[in-house]
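A look at the structure
Read off the chains here:
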Amino acid sequence: MYGRWRDNLARWGVREWAMTGLAFVVICAVVLTAGRGLAFGPDGQISGIRFGGDAQRTRVVLDLGKTTRGQVIEDGTTGRVVVALSDVAPGRGLDGSGSGLVRGYVVASAGTSSRVRLDLARGAEIERRFLLPPGDGVPHYRYVIDLKATGAAAAVAASTPPRREQARREKPLIVIDAGHGGRDPGAQGQHAQEKAVTLAAARDLKAAIERTGRYRVRLTRDSDVYVIHGRRVQIARDAGADLFISLHADAGTDPALRGASVYTLSEQGAGRAVREYTRGDDWQRDLRLPGRDPSVDRILLDMTQRATQNRSAQFARVLLTHLEGDSHPLLRRSHRDAGLAVLLAPDVPAILLEMGFITNPEDERVLTDERARRRLMRSVAEGIDRYFREPSAPVMVAGEVAGGG
């Protein structure tokens, strides 16, 4: 057989030897390309992220296995920059601390693309972004994001959301939402507007909670500004809040009507929340779900929503018990449910407290008198404290759940 093979080689002409040489070159090229793929990550993946610069300008470089197109999802005004990169998958372990203007980063899957989230250390915006092809000794693509400081250090840094996992290891975080504000005055009393009453009450409640030393507190607004409902909820979710309480003052056509009431999310509202949060392509990632099977994640979302509703209802009952024990007037049906926008977070227990009727002279006096209002907020703070310290404690139900109105 060896002699036959040698005879065949002896009969090869120029064409056969040329084809063999070409095949050898192709095989070598394939092997070399595969070796580079192993060195820099599989094709189509983000294999690394690097930072350079300082607190005024920072360059972020992502190493890619193929070309991509970037789309800005968040530009930095919310305290973070989010860029979607098409047709590339995230590599493993792509999260951690940043440098310069970037406090931390996460690269996550978003369908067939990747989403790069940069949590900012201070106010910053995207100055430029571009794709670099292989060249100058670099065998892979690079996507570059240049950030520059905007000078809004204090305001943005205060609202920069910590990672939920880190927040859970700290003291419980309570987000207090002062209803209305800015161009939205709310209800009008004889002497005061609802937006001013809710802001004063939010500040009093924050001070009462912080005096215990057991909680962290954040306000959705601390001045006369308007914050859209969705943003109020997102502040709580981004911060990893353990409780969200929205303060309001009720109004009615009968000036004799008075008393506080508490709203929790209704079944119709829960359905609306699920529809809203599953509308996007990457809702599993946004809700910290596995993101592998949409049907399984939908079940997990429903379970999360149900658990959140149960915790909200438990807090509502504890709070009403404390208000009643402090002789604060309550509506006959003091625990109500509704599909209010500020209650829609599927993973943060939330209630809306109508502190009283601003259209009632006695309730308005309580809400505008500093001493009386602070006493009311101390009762609310005591209810919050009991909710966290005795989550399974039995409570007297001060009012039956009724339809919102």
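What comes next concerns the included structure. Just so we're clear, the structure is a prediction, and the values are computed from it rather than from any experiment.

Calculation notes
Residues numbered from 1 in each chain as written. Predicted model: local features only at pLDDT ≥ 70, side-chain atom pairs only at ≥ 80, totals over all residues. Heavy atoms only, no water. Helix = DSSP H or I, 4+ residues; strand = E, 2+ residues; numbered from the N terminus. Buried < 20%, exposed > 50% of the residue type's maximum accessible area, 1.4 Å probe, protein only. Contact = heavy atoms within 4.5 Å. Areas by Shrake-Rupley, 256 points an atom, 1.4 Å probe, with all protein chains shown as cover. Pairing = 2+ DSSP bridges. Axes fitted to C-alpha atoms, helices over the stretch in contact; angles between N-to-C directions. Parallel < 35°, antiparallel > 145°, perpendicular 65-115°, else oblique. Left-handed = near helix turned anticlockwise from the far one by under 90°. Nonpolar A, V, L, I, M, F, W, Y, C, P; charged D, E, K, R; others polar. Arc of directions from axis to C-beta. Phe/Tyr/Trp six-rings, centres within 6.5 Å; stacked < 30°, edge-to-face > 60°.

**Observations regarding the overall build of the protein chain**
Of the regular secondary structure elements, the protein chain holds 11 helices and 17 strands. Expressed as a percentage of the 405 residues in the protein chain, the buried residues total 45%. Of the contacts formed within the protein chain by residues at least 6 apart in sequence, a portion of 72% connects residues at least 24 apart. For the protein chain, the exposed surface amounts to about 20,600 Å²; the carbon and sulfur share of it is 52%.

**Things to note about the pairing of strand β13 (residues 243-250)**
Among the eight residues that make up β13, eight are buried, leaving the element largely enclosed by the rest of the structure. A two-sided burial pattern is seen for β13, the buried positions comprising Leu243, Ile245, Leu247 and Ala249 on one face and Phe244, Ser246, His248 and Asp250 on the other. Note that β13 and strand β16 (residues 350-357) share six bridges and pair parallel. Bridged to Asp250 within β16 is Phe357.

**What about the packing of helix α5 (residues 194-210) against helix α11 (residues 370-389)?**
Running from amino to carboxyl end, α5 crosses α11 at an angle of 50°, the nearest separation of the two axes being 8 Å. The pairing of α5 with α11 is recorded here as oblique in orientation. The two elements α5 and α11 cross, and the hand of that crossing is right-handed. Facing α5, whose interface residues are Val197, Ala200, Ala201, Asp204, Leu205, Ala208 and Ile209, α11 presents Arg373, Arg374, Met377, Arg378, Val380, Ala381 and Ile384. Residue composition of the contact of α5 with α11, by class: 10 nonpolar, no polar and four charged.

**Quick look at helix α10 (residues 361-368)**
Among the residues making up α10, those that are buried are Asp363, Glu364, Val366 and Leu367. The buried residues of α10 occupy one face: seen down the axis, they fall within an arc of 160°. Looking at the packing, one finds that the buried side of α10 touches α5, β13, β16 and α11.

**Side note on the side chain of Thr308**
In this structure, Thr308 sits in helix α9 (residues 294-325). When near neighbours in sequence (up to four residues on either side) are disregarded, Thr308 contacts Ala345, Pro346, Asp347, Val348 and Pro349.

**What about the sheet that holds strand β3 (residues 70-75)?**
Reading across from one edge, β3-β4-β8-β7-β6 is the order of the five strands in this open sheet, with antiparallel pairing throughout. At either margin of the open sheet sits one strand with a lone partner, and together these are β3 and β6 (95-97). The sheet shows a mean angle of 15° between the axes of neighbouring strands, direction not considered. Relative to strand β8 (residues 113-120), strand β7 (residues 102-110) is paired through eight bridges, and the arrangement is antiparallel. From the neighbouring strand, Ala108 faces β8, where its bridge partner is Arg115.

**Quick word on the environment of Gly181**
Its place among the elements puts Gly181 in the loop between β11 (173-178) and α5. As a C-alpha pair, Gly181 and Ser223 span 42 residues in sequence and 7.9 Å in three-dimensional space. Beyond its immediate stretch of four places on either side in the chain, Gly181 contacts Lys195, Arg221, Asp224, Val225 and Tyr226.

**So, the packing of α10 against α11**
What describes two packed helices is the angle between their axes and the distance between those same axes. Close contact between α10 and α11 brings their axes to 5 Å; oriented N to C, the two are set at 85°. Relative to α11, the element α10 is oriented roughly perpendicular. Of the residues in α11, those touching α10 at Arg365, Val366, Leu367 and Thr368 are Glu370, Ala372, Arg373 and Leu376.

**Considerations on the packing of aromatic side chains**
One pass over the structure, following the stated rule, counts four aromatic pairs. Here the aromatic rings of Phe51 and Tyr105 are separated by 5.5 Å at their centres, their planes lie at 50°, and the arrangement is tilted. With a gap of 54 residues between them, Phe51 in strand β1 (residues 45-53) and Tyr105 in strand β7 connect regions that are remote in the sequence. Through a chain of ring-to-ring contacts, the aromatic side chains of Tyr215, Phe315, Tyr387 and Phe388 assemble into a single cluster.

**Focus on helix α6 (residues 229-238)**
When we look at burial in α6, the residues that qualify are Arg232, Val233, Ile235, Ala236, Arg237 and Asp238. In the segment just after α6, Gly240 is the residue with positive phi, at about 70°.

Worth remembering: the numbers are spatial, not functional.
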